[in-house]
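# Geometric and topological summary
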Amino acid sequence: MTVENLSTRDKKHLWHPLTQHKLNKRQLAIVRAKDALLFDENGKEYIDGIASWYTVMYGHSNKHIVSAMTKQMNKLDFVMFSGLTHEPAIELSEKLMEILPANQAKIFFNDNGSTAIEAAIKMALQFYHNNGELRDTLIAFENGFHGDTFGAMSASGLSSYNGPFEKFLLKVVRIPTPQENNIQEVKSRLAKILQENKCAAFVFEPLVQGAAGMKFHSAKGLDELINLCQENNVLSIADEIMTGFGKTGRNFASDYLENKPDIICLSKALTAGMFPLSITSCSQAVFNRFLSDEVHKGFFHAHTFSAHPIGCAAALAGIELLNSPEIAERRKYIESAHNSFATRIEKHEKVGNVRVMGVILAIDLNIQMERYGNLRDDLYDFFVERGVLLRPLGNTIYVLPPYVITNSELQKIYETITAALETI
């Protein structure tokens with residue numbers, strides 16, 4: 001009897017995300033992972049240069065997090081969160097309040113990044129509804145990405161994901177991201193939108209637009225846009241799902257802002273990729289709008305696995321690591337190494353722009369490439385063949401590694417990118 005490998009068995013029944021299966025090759029079958037390394041079914045190792053969609057920031061199979069989850073699993077595995085509570089959720093809320101912007105006061109649990117955004121948008125819409133106001137418009141950046149559920153997708157601006165659903169989405173008006181040379185222009189555009197529409201919220205990825213290709217924008221400009229929204233009684237929603245937990249150099253990208261968001265969405269590195277869990281936090285003023293003698297003015301939104309005790313345990317262990325001197329030192333090293341590599345390649349004829357923020361390195365190529373096309377796939381295959389997992393976003397190569405990546409592993413990523421520049 002012939003034993004089929006995992007890649008062959010995979011093709012029988014599985015439907016993968018972001019995949020055109022008629023054109024797609026076999027999926028890479030991973031059987032084991034440790035720290036910054038992945039191992040396939042043939043024993044080949046790969047450096048996880050993007051922390052598996054920027055989640056496993058403390059490394060795969062981190063013993064400290066696994067131990068915390070195992071301990072919790074043996075004590076309290078799961079209990080619903082409506083009408084009941086438990087210590088891991090309470091402790092996590094307390095620990096988050098120590099590191100979140102000071103205006104945050106309440107924690108609402110969801111199960112992934114998209115649903116964190118979904119809850120935030122519903123909070124914003126109901127915030128005004130509870131006050132007898134109908135506000136039907138969201139403001140968002142061009143080319144933003146906030147997830148694939150309908151509210152989150154509405155706020156997103158990438159047609160490659162939204163195309164078939166454009167006619168079914170919420171009303172969203174888009175503005176460019178603020179750069180140092182266009183802040184006044186963007187502010188004027190926002191002011192006009194606020195005047196002409198019944199706006200409920202401004203939804204944005206603070207400082208870095210991830211799926212757009214790790215595009216950076218001005219903290220000063222974003223601060224002024226949030227301030228303008230606050231002056232017009234419009235809520236601001238920061239999508240920190242990608243940027244949160246140290247990736248930009250501070251705990252949250254919102255820490256670079258003087259005007260803090262009313263609502264913040266967290267996921268991914270929240271549980272270090274160990275468990276699907278997300279959070280929508282908000283200010284006391286937002287929460288107070290839902291307090292009423294009328295039951296229907298409460299936030300009747302729920303997820304079965306809200307505040308899952310095992311997920312909360314993973315998040316608590318992750319925050320301990322985030323606050324540790326060892327992780328702080330590694331983050332500084334990665335940023336320094338990124339900057340050194342950026343200096344070496346920024347003049348390369350095939351490089352258009354190189355930028356670094358925290359542990360995020362992004363390289364725009366001077367080559368026209370489709371977001372999902374043959375040339376981009378060839379680049380992906382080039383990296384994989386050499387034992388490096390990177391997922392180019394169109395013509396943008398980005399590196400966002402686990403904090404525990406070794407110096408030699410990081411250098412191998414840089415060497416592989418350099419080699420790719422010579423072959424494409």
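Higher on the page you've got the structure.
None of these values were measured; they are calculated from a predicted model.

## Some points on the pattern of salt bridges
With the rule as written, the count across this model stands at 11 salt bridges. E224 serves as the salt-bridge partner of K220, at 2.8 Å between the closest nitrogen and oxygen. Separated by 4 residues within a single helix, K220 and E224 lie in helix α9 (residues 219-231), roughly one turn from each other. When the shortest N-O distance is used, the salt bridge between R376 and D377 registers 3.0 Å.

## Focus on helix α13 (residues 374-385)
For α13, built from 12 residues, the straight-helix expectation of 16 Å at 1.5 Å per residue is met to within 8% by its first-to-last C-alpha distance of 16 Å. All of the buried residues along α13 are R376, L379, D381, F382, F383 and V384. Immediately beyond the C-terminal end of α13, within one or two residues, lies G387, with a positive phi of roughly 80°.

## Examining the pairing of strand β12 (residues 278-283)
Across the 6 residues that make up β12, a large majority, 6, are buried. The two faces of β12 match: S278, T280 and C282 on one face and I279, S281 and S283 on the other face are all buried. Where strand β4 (residues 104-110) lies against β12, 6 bridges are found, and the strand directions are antiparallel. Bridge pairing in β12 links K106 to C282. In terms of strand pairing, strand β11 (residues 263-266) meets β12 through 4 bridges, oriented antiparallel. Looking across to β12, one finds that C265 is bridged to T280.

## Quick word on the packing of aromatic side chains
This model, assessed by the stated rule, comprises 13 aromatic pairs. When the ring of F245 is compared with that of F252, the centres are 5.2 Å apart and the planes differ by 65°; the resulting orientation is edge-to-face. Summarising the burial analysis for this pair, F245 and F252 share the class buried. Ring centres of F382 and F383 lie 6.1 Å apart, and the angle between their planes is 80°; on these two criteria the pair is classed as edge-to-face. Comparing F382 with F383 shows no difference in burial state: the two are buried.

## Some points on the sheet that holds β12
Within the open sheet, the 7 strands sit side by side as β4-β12-β11-β10-β7-β5-β6. Their pairing is mixed. Two strands lie at the open edges of the sheet, namely β4 and β6 (171-175), each paired on one side alone. The mean inter-strand angle of the sheet, taken between neighbouring strand axes irrespective of direction, is 20°. Note that strand β7 (residues 199-204) and strand β10 (residues 235-239) share 4 bridges and pair parallel. Paired with F204 across the bridge in β10 is A238. Running over the sheet, helix α5 (residues 113-129) touches β4, β5 (137-141), β7, β10, β11 and β12 and is turned about 30° from β12. The sheet strands contacting helix α8 (residues 183-196) are β5, β6 and β7, and the helix crosses β6 at an angle near 160°.

## Overview of the nonpolar core
Of all hydrophobic cores here, the largest spans 98 residues; its most connected members are L96, F202, F245 and I363. For this core, the leading source of residues is helix α11 (residues 309-322), giving 9 residues. Ignoring any residue separated from it by four or fewer positions in sequence, one finds F245 in contact with Y58, L96, I99, N251, F252, L266, S267, A269, L270, I319, L322 and Y403. Core analysis: the second largest hydrophobic core is formed by 27 residues, A116, Y128, A140 and C265 among them.

## So, the environment of G246
You can see G246 is positioned in the loop between β10 and β11. Taking relative accessible area as the criterion, G246 reaches 1% and is therefore assigned buried. When the C-alpha positions of G246 and A29 are compared, they lie 30 Å apart, and in sequence the two are 217 residues distant. In this view, G246 contacts N251, L322, R331 and Y403; residues no more than four positions away in its chain are not counted.

Cut-off values and rules
Residues numbered from 1 in each chain as written. Predicted model: local features only at pLDDT ≥ 70, side-chain atom pairs only at ≥ 80, totals over all residues. Heavy atoms only, no water. Salt bridge = Lys/Arg side-chain N within 4 Å of Asp/Glu carboxyl O. Helix = DSSP H or I, 4+ residues; strand = E, 2+ residues; numbered from the N terminus. Expected span 1.5 Å × (residues − 1). Buried < 20%, exposed > 50% of the residue type's maximum accessible area, 1.4 Å probe, protein only. Pairing = 2+ DSSP bridges. Phe/Tyr/Trp six-rings, centres within 6.5 Å; stacked < 30°, edge-to-face > 60°. Axes fitted to C-alpha atoms, helices over the stretch in contact; angles between N-to-C directions. Contact = heavy atoms within 4.5 Å. Core = buried A, V, L, I, M, F, W, Y, C linked by side-chain atoms within 4.5 Å.

None of this, on its own, says anything about what the molecule does.
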